[in-house]
Amino acid sequence: MSAPTHTRPHPATRAGVAGRLPWWALALPVLAFAALLALILNPSDAHAATGDPAITQLFEYVQQLMAR
C-alpha cells in the first residue's frame, strides 16, 4: 500500500487590483481621527445634547415594567 503524495501549494501571487484598498478605506479613519483630535484640542465645541434622549426614556420605561 503506497502513501499518497502531497503536492506543494502554489506560492502566493502578488495582489493585483483586487488586493488594493479603496480610497475611502483610508480616508474615513483619517477623518474620524481628525474630528476626535479637534474635539480634544478644543473641548468647548463639544456640546452635550439638550433634552431627555429617547433611549433614556426607553430604559426608564423598561425599568418600571420590570419593577412591577
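Let me begin by describing the structure that accompanies this report.

About the thresholds
Residues numbered from 1 in each chain as written. Predicted model: local features only at pLDDT ≥ 70, side-chain atom pairs only at ≥ 80, totals over all residues. Heavy atoms only, no water. Helix = DSSP H or I, 4+ residues; strand = E, 2+ residues; numbered from the N terminus. Buried < 20%, exposed > 50% of the residue type's maximum accessible area, 1.4 Å probe, protein only. Areas by Shrake-Rupley, 256 points an atom, 1.4 Å probe, with all protein chains shown as cover. Patch = residues over 30% accessible without salt bridge, like charges linked within 9 Å, V, L, I, M, F, W, Y side chains within 5 Å. Salt bridge = Lys/Arg side-chain N within 4 Å of Asp/Glu carboxyl O.

1. Thoughts on the overall build of the protein
Scanning the protein for helices and strands turns up 2 helices and 0 strands. Relative to its 68 residues, the protein shows a buried fraction of 0%. Looking at the protein as shown, the accessible area adds up to about 7,200 Å², and 67% of this sits on carbon and sulfur atoms.

2. Focus on a nonpolar patch on the surface
Residues Ile55, Leu58, Phe59, Tyr61, Val62, Leu65 and Met66 make up a contiguous nonpolar surface patch of about 750 Å² in total accessible area. Residue position: Phe59 is located in helix H2 (residues 54-67). A residue is classified by how much of its surface remains accessible, and Phe59, at 55% relative accessible area, is exposed.

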